Amino acid sequence: MCEFCNHSIHHTPIARRHVLKFAAAAAAGLVVAPQAEAAPPKAPPKAPPKPENVLSPDDALKRLMEGNARYVAGVSRRHDFTHERESLSTGQNPFAAVLSCADSRIAPEYCFDVARGDVFVCRVAGNFANDDIVASLEYAVAVLNTPLIMVLGHDACGAVDATIKSVKDNTTLPGHLPALVEALRPAVEAAKSEPGDMLANAIRRNVALNVGKLANAVPILKAAADDKKIRVVGGVYELKTGKVQLLA
Ligand SMILES: [Zn+2]
């Protein structure tokens, strides 16, 4: 009988689950075990729930873009959750991670024609990488073995447009919006000297800056990128066509 919850249950399985979680995190290099302790016995590697998602970074990008081509052509596949449910109840191994704008018109799962368990999506207005986003992507790479990260901007982005206006007019937006402006300001400042459309330039700059930031995020993402275990790429989604243009 448990004195805390008053149920006749054994707590051993829960304790074991915590140990296994710790072991998994330690194996992923996220936890440093105390040196005095003996190393825990290694559990046999678990088969990924979606073996077709075990891809090289280049093949992951190819699959993502093929999905986008189907989406643009209006021939997206049917993704039936019923047959995926069982394999995904025990884990996940997404083949790509996407940092997208929160804009309701951009839906990464739709625009890449992928199913549940395929894409690890982080979304924030203006698709920029703050510490929380970097940490989430570190989890995707170090624990879930995701081989590809795409920063996905889009044309006519309201967050970038608001930042341009705030910077130009030297005005302070209400509420928590100034935090967003500060995150997007470097892209807007960089785009100031470029010829052509300011908004389009700032959107591309913002994607490129955040690709660079993620690829150089020490210690986890930079090491994985340097070892060619991951690629970090940028794309811009066209609202009219649904097409994702990769940035060079
Ligand atoms: Zn946006």
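To be clear, the structure that these remarks concern was listed above.
Novice: Please clarify how the coordination of the zinc ion should be interpreted in this entry.
Specialist: By definition of the ideal shapes, four donors in a tetrahedron about a metal sit 109.5 degrees apart, and six donors in an octahedron sit 90 or 180 degrees apart. The protein atoms that coordinate the zinc ion are Cys101 (SG), His154 (NE2) and Cys157 (SG), at distances spanning 2.1 to 2.3 Å. Within one chain, the residues donating to the zinc ion are spaced in sequence as C-x52-H-x2-C. Residue Cys101 is found in the loop between β1 (96-100) and α4 (108-111), and its partner Cys157 is found in the loop between β3 (148-154) and α6 (158-169); the two are separated by 56 residues along the sequence. For the pair shown, Cys101 and Cys157 are each scored as buried.

Novice: So what exactly am I meant to see when it comes to the side chain of Lys50 here?
Specialist: Within the fold, Lys50 resides in the loop between α1 (12-27) and α2 (57-73). Among the polar contacts listed, one links the side chain of Lys50 to the side chain of Asp118, at a separation of 3.0 Å. Once you skip the residues sitting within four places of it in the chain, Lys50 turns out to touch Glu84, Leu88, Asn93, Ala115, Arg116, Gly117 and Asp118.

Novice: Help me out: how do you make sense of the environment of Gly212 in this one?
Specialist: Tracing the backbone shows Gly212 in helix α8 (residues 198-215). Distance in space between the C-alpha atoms of Gly212 and Lys222 is 9.9 Å, their sequence separation being 10 residues.

Novice: Is there a simple way to explain the packing of α6 against helix α7 (residues 177-191) in this structure?
Specialist: Pairs of packed helices are described in terms of their axes, by the angle between the two and the distance that separates them. At a minimum axis distance of 9 Å, the contact between α6 and α7 shows a crossing angle of 80°. Taken together, the axes of α6 and α7 lie roughly perpendicular to each other. Where α6 abuts α7, its residues Ala159, Val160, Thr163, Ile164, Ser166 and Val167 lie against Leu180, Val181, Leu184, Arg185, Val188 and Glu189. Its residues assigned to classes, the contact of α6 with α7 comprises eight nonpolar, two polar and two charged.

Novice: For this particular structure, what's the right way to read the sheet that holds β3?
Specialist: Pairing between sheet strands relies on hydrogen bonds along the backbone, with the strands arranged either parallel or antiparallel. Overall, mixed pairing links the five strands, which are arranged β2-β1-β3-β4-β5 in an open sheet. Each having just a single partner strand, β2 (119-123) and β5 (244-246) make up the two edges of the open sheet. Each adjacent strand pair in this sheet contributes to an overall mean axis angle of 25°, direction not counted. Pairing analysis gives five bridges linking β1 to β2, with the strands arranged parallel. Residue pairing in the sheet places Ser100 in a bridge with Arg123 of β2. Against the sheet, α2 engages β1, β2, β3, β4 (231-237) and β5, with an angle of about 35° to β3. Along the sheet, α8 makes contact with β1, β3 and β4, crossing β4 at roughly 165°.

Novice: Please explain the pairing of β3 as it appears in this structure.
Specialist: Two faces make up the sheet, and in a regular strand the side chains alternate between them. Counting buried residues along β3, seven of its seven residues qualify, which places the element largely inside the surrounding structure. Side chains of β3 alternate between two faces, with Leu148, Met150, Leu152 and His154 and Ile149, Val151 and Gly153 buried alike. Looking at chain direction, β1 and β3 are connected through four bridges and run parallel. By the bridge assignment for β3, Ser100 is matched with Leu152.

Conventions and cut-offs
Residues numbered from 1 in each chain as written. Predicted model: local features only at pLDDT ≥ 70, side-chain atom pairs only at ≥ 80, totals over all residues. Heavy atoms only, no water. Donors = N, O, S within 2.8 Å, 3.2 Å for Na, K, Ca; no water. Helix = DSSP H or I, 4+ residues; strand = E, 2+ residues; numbered from the N terminus. Buried < 20%, exposed > 50% of the residue type's maximum accessible area, 1.4 Å probe, protein only. Polar contact = N/O pair within 3.5 Å; in protein donor to acceptor, adjacent residues only side chain to side chain. Contact = heavy atoms within 4.5 Å. Axes fitted to C-alpha atoms, helices over the stretch in contact; angles between N-to-C directions. Parallel < 35°, antiparallel > 145°, perpendicular 65-115°, else oblique. Nonpolar A, V, L, I, M, F, W, Y, C, P; charged D, E, K, R; others polar. Pairing = 2+ DSSP bridges.

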